[in-house]
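The chain contents come next:
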Amino acid sequence: MTERTGRKSSPKFLSLKYKSIRPNYTKKYHTLDLDCDIKIFKLYEERGDDWSSISKEMDDMDPIKIRNRYYSHIFKRQNRIKEEIKAREKAEKEKSVSKEG
């Protein structure tokens, strides 16, 4: 066990130490827009709060980030997202009808 030396650790030192402990962990920056919100919302309705399985469908985005996005943004705007889903489905049906006719 290491003993405390009383010295302060710099942010750079702590960053390097963390990377040595978890070398495969890299931050993945994702911009979350309405399309991502809709995908998260649909997956949440299918799978519930199994954030790790949802993250696999979202290009291995961090499950904690998805959970935070859901509860801080999507959950509060469910009605708006449902309306957007209906509008997109309606637009797709109209496109398919116009292609057939």
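Computed from a prediction, not measured in an experiment: that's the story for all the values here. (Residues numbered from 1 in each chain as written. Predicted model: local features only at pLDDT ≥ 70, side-chain atom pairs only at ≥ 80, totals over all residues. Heavy atoms only, no water.)

**What to know about the overall build of the chain**
Along the chain, the regular secondary structure elements total five helices and zero strands. Counting helices and strands in the order they occur from the N terminus, the chain gives α-α-α-α-α. Residues classed as buried in the chain amount to 20% of the 101 residues present. When contacts within the chain are restricted to residue pairs at least 6 apart in sequence, long-range pairs at least 24 apart make up 58% of them. (Helix = DSSP H or I, 4+ residues; strand = E, 2+ residues; numbered from the N terminus. Buried < 20%, exposed > 50% of the residue type's maximum accessible area, 1.4 Å probe, protein only. Contact = heavy atoms within 4.5 Å.)

**Topic: helix α5 (residues 78–100)**
Taking 1.5 Å of rise per residue, 23 residues should cover 33 Å, and α5 covers 33 Å from first to last C-alpha, within 8% of that figure. Burial in α5 covers these residues: Gln-78, Ile-81 and Ile-85. On its buried face, α5 sits against α2 (34–47) and α4 (63–74). (Expected span 1.5 Å × (residues − 1).)

**Here's the deal with the side chain of Arg-69**
Of note, Arg-69 is situated in helix α4. Looking at Arg-69, its side chain comes within polar contact range of the side chain of Asp-37, at 2.9 Å. If we skip the residues at most four places from it in the chain, Arg-69 touches Leu-32, Asp-33, Asp-37, Ile-40 and Ile-74. (Polar contact = N/O pair within 3.5 Å; in protein donor to acceptor, adjacent residues only side chain to side chain.)

**Some thoughts on the nonpolar core**
One recurring pattern in soluble globular proteins is that nonpolar side chains are buried together. Within the largest apolar cluster, 14 residues are counted, with the highest numbers of intra-cluster contacts made by Met-58 and Ile-66. Among the elements of the structure, α2, α3 (51–57), α4 and α5 are those that each provide at least two residues to this core. No other element matches α2, which puts five residues into this core. Sequence-distant contacts of Met-58, defined by excluding residues within four places in its chain, comprise Cys-36, Lys-39, Ile-40, Leu-43 and Ile-66. (Core = buried A, V, L, I, M, F, W, Y, C linked by side-chain atoms within 4.5 Å.)

**Structural notes on the packing of α2 against α4**
A pair of packed helices is captured by two measures, namely the crossing angle of their axes and the spacing between those axes. Running from N to C, α2 and α4 cross one another at 100°; their axes reach a closest spacing of 11 Å. Taken as axis vectors, α2 and α4 run roughly perpendicular relative to one another. Across the interface between the two elements, Asp-37, Ile-40, Phe-41 and Tyr-44 from α2 touch Ile-66, Arg-69, Tyr-70, Tyr-71, His-73 and Ile-74 from α4. (Axes fitted to C-alpha atoms, helices over the stretch in contact; angles between N-to-C directions. Parallel < 35°, antiparallel > 145°, perpendicular 65-115°, else oblique.)

**Regarding the packing of aromatic side chains**
On inspection of all chains with the given rule, the structure shows seven aromatic pairs. Taking the centre distance of 5.4 Å and the plane angle of 20° together, the rings of Tyr-44 and Trp-51 count as stacked. On the basis of relative accessible area, Trp-51 is assigned to the buried category, the value being 10%. Both rings, one in Tyr-70 and one in Phe-75, keep their centres 6.2 Å apart while their planes meet at 55°; by these two values the pair is tilted. For Phe-75, a relative accessible area of 47% puts it in the partly exposed group. Clustering of aromatic rings is evident, with ring pairs tying together Tyr-44, Trp-51, Tyr-70, Tyr-71 and Phe-75. (Phe/Tyr/Trp six-rings, centres within 6.5 Å; stacked < 30°, edge-to-face > 60°.)

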